[in-house]
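So you can see what is in the structure, the chains are spelled out below.
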Amino acid sequence: GGGKRYFAQRLFVHNLPYEWGEARLVDEIEACAGRRSVSAAQVLTSADGLSRGMAKVRMETAEAASEAVRSLDGKTLGGRALRVSLEERRDGGGGGVGRGGGRGRGNG
């Protein structure tokens, strides 16, 4: 246990083809995770309404979520290699800082 906690049924999709909407994404996920396995999907858009190539997806079960990760992570669709992962919980658990950064005075 590395301390990170995940939402077992929520997926985060990166590198989505920009022309894809929710319906196309849901079709693709359900083709590998099973019919009606997606309970909600949202393609994230910028202020002007254009796709940011990212989406949040809520699955009906944790099993369907891990099946989607297994089947789709790294798969090339629409010329882009999808990155699919379980969404991390951001509820305090451990210092919620991302990798990188290091704008301090020498580390030691």
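Asker: In this structure, what is going on with the pattern of salt bridges? I would like to understand it.
Answerer: When their charged atoms lie close together, side chains carrying opposite charge are able to pair. Considering all chains together, one arrives at four salt bridges under this definition. For Lys75, the salt bridge identified is with Glu28, shortest N-O distance 3.8 Å. Of this pair, Lys75 sits in the loop between helix H2 (62-72) and strand E4 (76-77) while Glu28 sits in helix H1 (residues 22-33), and the two are 47 residues apart along the sequence. On the basis of relative accessibility, which here comes to 36%, the residue Lys75 falls in the partly exposed class.

Asker: Where do I start with the packing of H1 against H2 in this structure?
Answerer: In helix packing, the relevant descriptors are the interaxial angle and the interaxial distance, both defined with respect to the helix axes. Relative orientation of the contacting elements H1 and H2 amounts to 100°, with a least axis distance of 9 Å. Looking at the two axes, H1 sits roughly perpendicular to H2. Facing Glu28, Ile29, Cys32 and Ala33 of H1, the residues of H2 in contact are Ala64, Glu67, Ala68, Ser71 and Leu72. Partitioned by chemical class, the residues of the contact of H1 with H2 number six nonpolar, one polar and two charged.

Asker: What am I meant to see in unusual backbone geometry here?
Answerer: Excluding glycine, residues mostly have negative phi values, and the peptide bonds linking residues are mostly trans. The phi dihedral of Asn15 falls on the positive side, at around 70°, and the residue is not glycine. Inspection of the secondary structure assignment puts Asn15 in the loop between strand E1 (6-14) and H1. Phi at Arg36 takes a positive value of approximately 60°, unusual for a residue other than glycine. Within the secondary structure, Arg36 sits in the loop between H1 and strand E2 (38-45). Look at Arg36 and you get exposed, because its relative accessible area is 63%.

Asker: Just checking my understanding: could you explain H2 for this structure?
Answerer: Since the α-helix packs 3.6 residues into each turn, any two residues three or four apart lie on the same face. Taken together, the buried positions of H2 are Ala64, Ala65, Ala68 and Leu72. Along H2, the residues classed as buried sweep out an arc of 105° about the axis, all on the same side. Facing away from the buried side of H2 by over 90 degrees, the exposed positions are Glu63 and Arg70. Packing partners of the buried residues in H2 comprise E1, H1, strand E3 (51-59), E4 and strand E6 (83-88). Where H2 ends, the next residue or the one after it, Gly74, has phi of about 90°, a positive value.

Asker: Please explain the sheet that holds E6 as it appears in this structure.
Answerer: Spatially, four strands are ordered E2-E3-E1-E6 in an open sheet, and the strand pairing comes out antiparallel. Each having just a single partner strand, E2 and E6 make up the two edges of the open sheet. Averaged over all neighbouring strand pairs, the angle between strand axes comes to 25°, with direction disregarded. Against the sheet, H1 contacts E2 and E3, and its axis sits at roughly 140° relative to E2. Lying on the sheet, H2 is in contact with E1, E3 and E6; it crosses E1 at an angle near 30°.

Criteria and thresholds
- Residues numbered from 1 in each chain as written.
- Predicted model: local features only at pLDDT ≥ 70, side-chain atom pairs only at ≥ 80, totals over all residues.
- Heavy atoms only, no water.
- Salt bridge = Lys/Arg side-chain N within 4 Å of Asp/Glu carboxyl O.
- Helix = DSSP H or I, 4+ residues; strand = E, 2+ residues; numbered from the N terminus.
- Buried < 20%, exposed > 50% of the residue type's maximum accessible area, 1.4 Å probe, protein only.
- Axes fitted to C-alpha atoms, helices over the stretch in contact; angles between N-to-C directions.
- Parallel < 35°, antiparallel > 145°, perpendicular 65-115°, else oblique.
- Contact = heavy atoms within 4.5 Å.
- Nonpolar A, V, L, I, M, F, W, Y, C, P; charged D, E, K, R; others polar.
- Arc of directions from axis to C-beta.
- Pairing = 2+ DSSP bridges.

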